[in-house]
Amino acid sequence: MLALALPLTLTACTGGDGRGVHGAPGAAGLKDPYFPKMGNGGYDVGHYALSLAYEAGNEEDGRRLRGTAVATARATRDLSAFNLDLKGMDVEAVTVEGVAARWKRSGQELTVTPERGVGEGETFRTTVRYSGGPETITDPDGSEEGWLPTADGVLALGEPTGSMAWFPGNHHPSDKATYDITVTVPEGLQAVSNGELTGQATKNGRTAYSWQTAEPMAGYVATIAIGTYEIRRSTVSGGAGRGDLPVYVAVDPAQADDSRRVLARIPEVVEWAEANFGPYPFSSTGAIVENPEDAAYALETQSRPVFPGAPDISLLVHELAHQWYGDSVTPESWRDMWLNEGFATYAEWLWQEDHGGDSAQEIFDALYEGDYFDDAAANEAVWAFPPAKPPSAARISDSPVYERGAMVLHKIREVIGDDAFFGLLQGWATTHRHGNADTADFIAYVEKYAEGSGGKTAPETAPEADLDAAPDADLAPVWEDWLYGDGKPSVA
C-alpha cells in the first residue's frame, strides 16, 4: 500500500489562461470537538458518484477494491487547493473538471491542487481513481468500522469515521450529499447499499448493482454490503401524503428464519413512527441483516439499517426511528450525538408505552431509581456525564447519551404536556428535514415552541392543533440539570 507523508504547504494556483483564482487552501479539518481532522473546509459536496469494483479474495489480501469517486461540490471560498478524507488505499489519479490535478497524501488527508484555482460559488467535479485493500478502523471506544470482512464478502460501516476507508470525500456529518453507488462483484454475490436499486446487470462473470440515494445523506450512514443474501421485497401502504413506500430487506441466509417475523413488522413500525414523528423522510426503507460475528453492533445506515443477527422489536424500532432523528435530522457535530440516540431510545419507550409494555414514565422512574438494568454498574453509568457533554471521543456512545438523553426528552414532555410534546417531535423533524442541527438549535426550537404552545406565537412548523402546553413552562431546569448538569439531578 502506497503511503506518502508529504508537507501540506501549498501556493495559490493560477490557470493556464492567466486568469486563475488566487485563493488559499481549504482547511484540512472542521475542528469537530471529538474528531477535529474529519471533514474539510472551503467547499460543500452536493453529490457523490461512486463506481466500485470488488474482488473477492482471501483473508490475507483483505478483499480488494478498485474505485472511481466523483464528488460534485460548490466552493464556499476562493480555493487554491482543498482536501478530501481518505484513509489508506492507493491513489492513482486525480482530476478537477477533467483536468489532471496535483495531489499529496498525509495521514487521512488527500490534498488536491487543481491546475487552476476554484472561485467562490463555483461548482466543480473532482474525480479520484484509487485501489487497494480498505482498512478496518478501530474507534476510540474499541469498536470496529470501515471495511469489515465477512464470511462471504464485506460490510462497510461508517460511524463515526469509517466511510473514509472506502471512498474519498468530505466525511463529516455536517456535509450531506446525494449518492449514486455502483458496485461490481463476482457473479453469484450481491451488493446492497442505500436508497433504491436502479439497475442490475451481469456480464463476463461479474454483476453490477446500481443504487441511488436521492435525499441528502451523511457519509457515516452510507453503506455497502457484499455477500449472499435472501432478498425480501414488500411495501408500506401509502399514507402521510406519500404513495406506497418500497421495503427492501437483505438477510444473510443463516439469519433468515430467526429474522423473518420481526422484519415483517417493518411496515407496522414505519406507520406507527409516521403517526408520532411525521412523514417518513426517505423514498424507501428496509434492513440488512448480517451474522453476529460480522458486526458487533447495529447501525442506522440511511433507509436500510444494518443489524448483527436478527433484531428484536425494540432494536428495530430504535434503528428505524433514527431515519427521522440522525439520518434526516443529522447532528452538526459529534458533540450532538444525543440528538440521535436520545430520540431513538425514547422511541423505544414510546413503542412499549403504545404496545402493552411499561410506560415512558415507568421506564424513566426505573432508570432514576437505579433498577432498570440488571447490573448495578450499568445503572450507575447513566449518570457518568451530561448527555450533551461527553468527555471524549471514546464516550460518545455511552449510556448517558442514550438513556439520559431520552430522560431529557421525557422531562420536556412533563413540562409542556403530551399534546404539545408530540407536536414538537413532528415539528423538530419537519423543521430540519434532510438538514443538520445542533443542541443549541434544539434548545431554541423547544423554547420557541413552548412559548407558542402557551398561547403566544408558535413556530410555523408547529401543528396548529397542539397549542395547549402548560402556560409559562419553565424549561431552564431541563437544560441546566438534565442536559448539561453533572451527576444525578433532583426530581423534586
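Residues take numbers from 1 onward in each chain, read along the sequence in its written order. Residues qualify for local features only when their pLDDT is at least 70, as the model is predicted, and side-chain atom pairs are given and counted only at 80 or more; totals for whole chains, interfaces and linings, by contrast, use all residues. Where side-chain values are given, they derive from all heavy atoms of the structure, hydrogens and water being excluded.

Another point: the side chain of Glu 145. To qualify as a helix, a DSSP run of H or I must reach at least 4 residues; to qualify as a strand, a run of E must reach at least 2; elements of each kind are numbered from the N terminus. Looking at the element boundaries, Glu 145 is found in strand S11 (residues 144–149). Buried residues are those whose accessible area, probed at 1.4 Å on protein chains only, stays under 20% of the maximum for their type, while exposed residues exceed 50% and partly exposed ones sit between those limits. A residue counts as positive if it is Lys or Arg and as negative if it is Asp or Glu; His and the chain ends are not included. Should a side-chain nitrogen of Lys or Arg be within 4 Å of a carboxyl oxygen of Asp or Glu, the pair is scored as a salt bridge. Buried charge without a salt bridge: Glu 145, with Lys 87 as the nearest opposite-charge side chain at an N-O distance of 10 Å. Separated by 2.3 Å, the side chain of Glu 145 and the backbone nitrogen of Gly 162 make a polar contact. Throughout this description, a polar contact denotes any pair of N or O atoms lying within 3.5 Å of each other; where both atoms belong to protein, one of them has to be capable of donating a hydrogen while the other can accept it, and for residues adjacent in sequence the pair is counted only when both atoms sit in side chains.

Quick look at the pairing of strand S9 (residues 123–132) now. Relative to S9, strand S3 (residues 64–75) is paired through 10 bridges, and the arrangement is antiparallel. Bridged to Arg 74 within S9 is Thr 123. Any two strands are treated as partners once DSSP identifies two or more bridges connecting them.

Attention now moves to the packing of aromatic side chains. Each aromatic ring pair is characterised by the separation of its centres together with the angle its planes make. Between rings of Phe, Tyr and Trp, where Trp is taken as its six-membered ring, a pair exists when centres lie within 6.5 Å; planes separated by under 30 degrees are stacked, by over 60 edge-to-face, and by other angles tilted. The final tally for this structure, using the stated rule, is 32 aromatic pairs. Summarising the aromatic geometry, the rings of Tyr 280 and Trp 324 are spaced 5.4 Å apart at their centres and angled 80° between planes, so their arrangement reads as edge-to-face. In this pair, Tyr 280 sits in the loop between helix H2 (266–277) and strand S20 (285–290) while Trp 324 sits in the loop between helix H3 (313–321) and strand S22 (329–331), placing the two residues 44 residues apart along the sequence. Using a relative accessible area of 3% as the deciding quantity, one classes Tyr 280 as buried. Lysine NZ or arginine CZ positioned within 6 Å of the ring centre and within 35 degrees of the ring normal marks a charge as sitting over the ring. The positively charged end of Lys 488 is found above the aromatic ring belonging to Tyr 368, 4.4 Å away from the centroid.

The next thing to look at is the pairing of strand S12 (residues 154–157). Residue alternation in S12 divides its side chains into two sets, Val 154 and Ala 156 and Leu 155 and Leu 157, and both sets are buried. As paired elements, S11 and S12 share four bridges and run antiparallel to each other. Each bridged residue has a counterpart across the sheet, and for Gly 146 the counterpart in S12 is Leu 157. Here three bridges tie S12 to strand S17 (residues 224–227), and the two strands are oriented antiparallel to one another. Bridging across to S17, Val 154 finds its partner in Ile 226.

Now for the pattern of salt bridges. As enumerated under the stated definition, the model contains 15 salt bridges in all. Residue Arg 125 is joined to Glu 97 by a salt bridge in which the shortest nitrogen-to-oxygen separation is 3.4 Å. Pair noted here: Arg 125 is in strand S9 and Glu 97 is in the loop between strand S5 (90–96) and strand S6 (99–100), with a separation of 28 residues, a long-range link. Look at Glu 97 and you get partly exposed, because its relative accessible area is 38%. Across the salt bridge formed by Asp 257 and Arg 260, the nearest N and O atoms sit 3.4 Å from each other.

Where H2 contacts helix H4 (residues 338–354), the two axes come as close as 12 Å, and the packing angle between them is 105°. Judged by the inter-axis angle, H2 sits roughly perpendicular to H4. On the side of H2, the interface is formed by Glu 268, Val 269, Trp 272, Asn 276 and Phe 277, while H4 contributes Ala 347, Leu 350, Trp 351 and Asp 354. Residues that form the contact of H2 with H4 fall into these classes: six nonpolar, one polar and two charged. To obtain each axis, a line is fitted to C-alpha atoms, and for helices this fit is confined to the stretch in contact; angles are then taken between N-to-C directions over 0 to 180 degrees. An angle below 35 degrees is read as roughly parallel, one above 145 as roughly antiparallel, one from 65 to 115 as roughly perpendicular, and any other as oblique. By definition, residues are in contact when any of their heavy atoms lie within 4.5 Å. Throughout this entry, Asp, Glu, Lys and Arg are counted as charged residues, while Ala, Val, Leu, Ile, Met, Phe, Trp, Tyr, Cys and Pro are counted as nonpolar. The remaining residues, Gly among them, count as polar.

The predictor reports its confidence for every residue as pLDDT, a score running from 0 up to 100. Residues with a pLDDT of 70 or more make up 90% of the protein, whose mean pLDDT is 92. Low confidence marks residues 1–19, where pLDDT is under 50. Its contacts with residues over four positions away, or in another chain, come to 45 contacts. Confidence drops under pLDDT 50 across residues 454–469; counting only partners more than four residues distant or on other chains, this segment forms 31 contacts.

Before going further, it helps to spend a moment on the sheet that holds S9. Across the sheet, which stays open at both edges, the eight strands sit in the order S6-S5-S9-S3-S2-S13-S16-S15 with mixed pairing between neighbours. If you trace the sheet from one side to the other, it starts and ends with S6 and strand S15 (196–203), each paired once. Pairing analysis gives 12 bridges linking strand S2 (residues 43–55) to S3, with the strands arranged antiparallel. If you follow Asp 44 over to S3, its bridge partner there is Arg 74.

Turning our eyes to something else, we now look at the sheet that holds strand S21 (residues 306–308). Taken in spatial order, the four strands of this open sheet run S18-S19-S20-S21, and their pairing is mixed. Each edge of the sheet is formed by a strand with only one pairing partner; in this case those strands are strand S18 (230–236) and S21. On average, each strand axis in the sheet is inclined to that of its neighbour by 20°, with strand direction left out of account. Sheet topology places strand S19 (residues 245–251) next to S20; five bridges connect them, and they run parallel. Bridge assignment links Val 249 to a residue of S20, and that residue is Ala 287. This element, helix H1 (residues 256–263), spans S18, S19 and S20 of the sheet and lies at about 5° to S18.

We now examine the environment of Val 70. By secondary structure assignment, the location of Val 70 is in strand S3. Distance from Val 70 to Leu 52, taken between C-alpha atoms, is 11 Å for residues 18 residues apart in sequence. Discounting residues that sit within four places of it in the chain, Val 70 has contacts with His 47, Tyr 48, Ala 49, Arg 125, Thr 126 and Thr 127.

Take the nonpolar core next. Counting 138 residues, the largest nonpolar core has Trp 166, Phe 277, Ile 412 and Phe 442 as its most contacted members. Per-element accounting of this core gives the leading share, eight residues, to H4. When sequence neighbours within four positions are dropped, the list of residues in contact with Phe 277 reads Trp 272, Ala 321, Trp 324, Tyr 325, Ala 347, Leu 350, Leu 425, Gln 426 and Ala 429. The term nonpolar core refers to a set of buried residues drawn from Ala, Val, Leu, Ile, Met, Phe, Trp, Tyr and Cys, joined through side-chain atoms within 4.5 Å.

What follows covers unusual backbone geometry. Cis geometry marks the peptide bond from Glu 159 to Pro 160, where omega comes out at 0°. Assignment of secondary structure puts Pro 160 in the loop between S12 and strand S13 (177–186). A positive phi is found at Met 89, a non-glycine position, where the angle reads about 65°. Along the polypeptide, Met 89 turns up in the loop between strand S4 (79–85) and S5. The class for Met 89 is buried, based on a relative accessible area of 0%.

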